[in-house]
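Residue-level structure breakdown
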Amino acid sequence: MQRTAEDIRILSEKVRTAGKFLITLRKEVGKVIVGQPYMLDRLLIGLLSNGHVLLEGVPGLAKTLTIKSLSQAVQAKFSRIQFTPDLLPADVLGGMIYNQQRGEFIVRKGPIFANFILADEINRAPAKVQSALLEAMQERQVTLGDSTYKLDEPFLVLATQNPLEQEGTYPLPEAQVDRFIMKVVVGYPTREEEQIIIRQNVQGSTPPAVQPVTTINEIIAARNLVREVYMDEKIERYILDIVFATRTPDQYKLEALKPVISYGSSPRGSINLAVAAKAVAFMQGRGYVVPEDVQSICIDVLRHRIGLTYEAEAENISAENVLEQVLKKVETP
């Protein structure tokens, strides 16, 4: 729907007012987390986009602590599930328990019934558990016995995984990976940040408690406003060009990529790239999307939706390399 300049100005004003809580939220989480602003921003984009986030990185990068601190600051119900090779679907979803006194089966809800689900080391659990989690992630509901239970809003799965080269891990099914709005690769802190981390931990003092600074209702209101952020048709076509370039690279003068891509991004990639770009614009205090919003989030949204061939692996070509070439070649509006 076409909007006038005045409509967009009013919308931008609403966005700036509604987004003020993000400054306080970042500051509150920053009391506990040193560095990692990139990871925190990506988690906030997931929260505003109503999308699950997959964090990948070696142990000890504060992935778990960041997610837990964020849930405390939002005043949401937090649940942590440690994924292990012997985990069962009932350990995640819950199940039917026989009550001898009543002589009937009663429902025991599992840890999935919360607002923030930390799926720690998600790639250590077998396929049966992943398929149980898939219904909750996609349909936002859980089936126990004959009944289906809706999950509370907001419902966000924030999963961590160690790199797949390590022993005792299972590659996640493509269908499940596609349900994550973003796959964020978490890097090491800078030298200065790590020095502060050493001081904080060696002193042995109790870290400051994260205080609630916003509410679930405020998050849901912000999420609804994100959907209203204006996206011009030129930006929509730009997103489509990026996604279609991963499917048919030869049509975008990217013939060199054809042998290294086994399959391109799904339509869910287009949807998520558009929603995430709107969330980026919201966080910048704008009521409209610009090409830079799409470019800034593109790799995180699409890196896990592109299949690479054996030729790509042999030449050490990653999904990031592919997307960087796509972004350089596709014409910016």
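A brief look at the structure comes next.

Before going further, it helps to spend a moment on the environment of N50. Within the element layout of this structure, N50 appears in the loop between α3 (37–49) and β1 (52–56). Residue class for N50 comes out partly exposed when judged on its relative accessible area of 22%. Between the alpha carbons of N50 and A90 there is a distance of 25 Å; along the sequence they are 40 residues apart. Filtering out sequence-adjacent residues up to four positions away, N50 remains in contact with R140, E153, F155 and R223. In this structure the side chain of N50 is engaged in a polar contact, spanning 3.0 Å, whose partner is the side chain of R223.

Attention now moves to the sheet that holds strand β5 (residues 116–120). The strands making up a sheet associate through backbone hydrogen bonding, with each pair oriented either parallel or antiparallel. Spatially, β2-β5-β8-β1-β9 is the arrangement adopted by the five strands of the open sheet, whose pairing is parallel. In this open sheet, the two edge strands, each paired with only one partner strand, are β2 (78–82) and β9 (180–185). Across the sheet, the mean angle separating the axes of adjacent strands is 15° when strand polarity is ignored. Relative to strand β8 (residues 156–161), β5 is paired through four bridges, and the arrangement is parallel. Looking at β8, one finds that A119 is bridged to A159.

A few words now on the environment of P212. With respect to the helices and strands, the residue P212 is situated in the loop between α8 (191–203) and α9 (216–228). Taking the relative accessible area as the measure of exposure, P212 reaches 44% and is therefore partly exposed. Separated by 137 residues in the primary sequence, P212 and Q75 have C-alpha atoms spaced 5.2 Å apart. Filtering out sequence-adjacent residues up to four positions away, P212 remains in contact with Q72, A73 and Q75.

The full count for this structure, using the stated rule, is 17 salt bridges. A salt bridge links R9 to E6; the shortest N-O distance between them is 2.8 Å. Of this pair, R9 and E6 are both found in helix α1 (residues 5–18), three residues apart, which corresponds to roughly one turn of the helix. In this structure, E121 and R124 form a salt bridge, with 3.0 Å as the shortest nitrogen-oxygen distance. Each member of the pair, E121 as well as R124, carries the same accessibility label: buried. Connected through shared salt-bridge partners, R42, D300, R303 and E320 make up one network.

Once that is clear, we can look at the packing of helix α12 (residues 291–302) against helix α14 (residues 319–329). One can describe the packing of α12 onto α14 by two numbers: an axis separation of 10 Å at closest approach and a directional angle of 145°. In this structure, α12 meets α14 at a crossing whose hand is right-handed. In this structure, α12 contributes Q295, C298, I299 and L302 to the contact, and α14 contributes E320, L323, E324 and L327. For the contact of α12 with α14, the residue count by class is five nonpolar, one polar and two charged.

Judged by nonpolar contacts, the single largest core of 70 residues is most densely connected at L48, L70, I242 and V294. No other element matches helix α11 (residues 267–283), which puts nine residues into this core. The residues touching L48, leaving out its near neighbours within four places in the chain, are F21, L22, A222, R223, V226, A279, F282 and M283. Counting 27 residues, the second largest nonpolar core, distinct from the first, contains A132, A136, F155 and F180.

Calculation rules
Residues numbered from 1 in each chain as written. Predicted model: local features only at pLDDT ≥ 70, side-chain atom pairs only at ≥ 80, totals over all residues. Heavy atoms only, no water. Helix = DSSP H or I, 4+ residues; strand = E, 2+ residues; numbered from the N terminus. Buried < 20%, exposed > 50% of the residue type's maximum accessible area, 1.4 Å probe, protein only. Contact = heavy atoms within 4.5 Å. Polar contact = N/O pair within 3.5 Å; in protein donor to acceptor, adjacent residues only side chain to side chain. Pairing = 2+ DSSP bridges. Axes fitted to C-alpha atoms, helices over the stretch in contact; angles between N-to-C directions. Salt bridge = Lys/Arg side-chain N within 4 Å of Asp/Glu carboxyl O. Left-handed = near helix turned anticlockwise from the far one by under 90°. Nonpolar A, V, L, I, M, F, W, Y, C, P; charged D, E, K, R; others polar. Core = buried A, V, L, I, M, F, W, Y, C linked by side-chain atoms within 4.5 Å.

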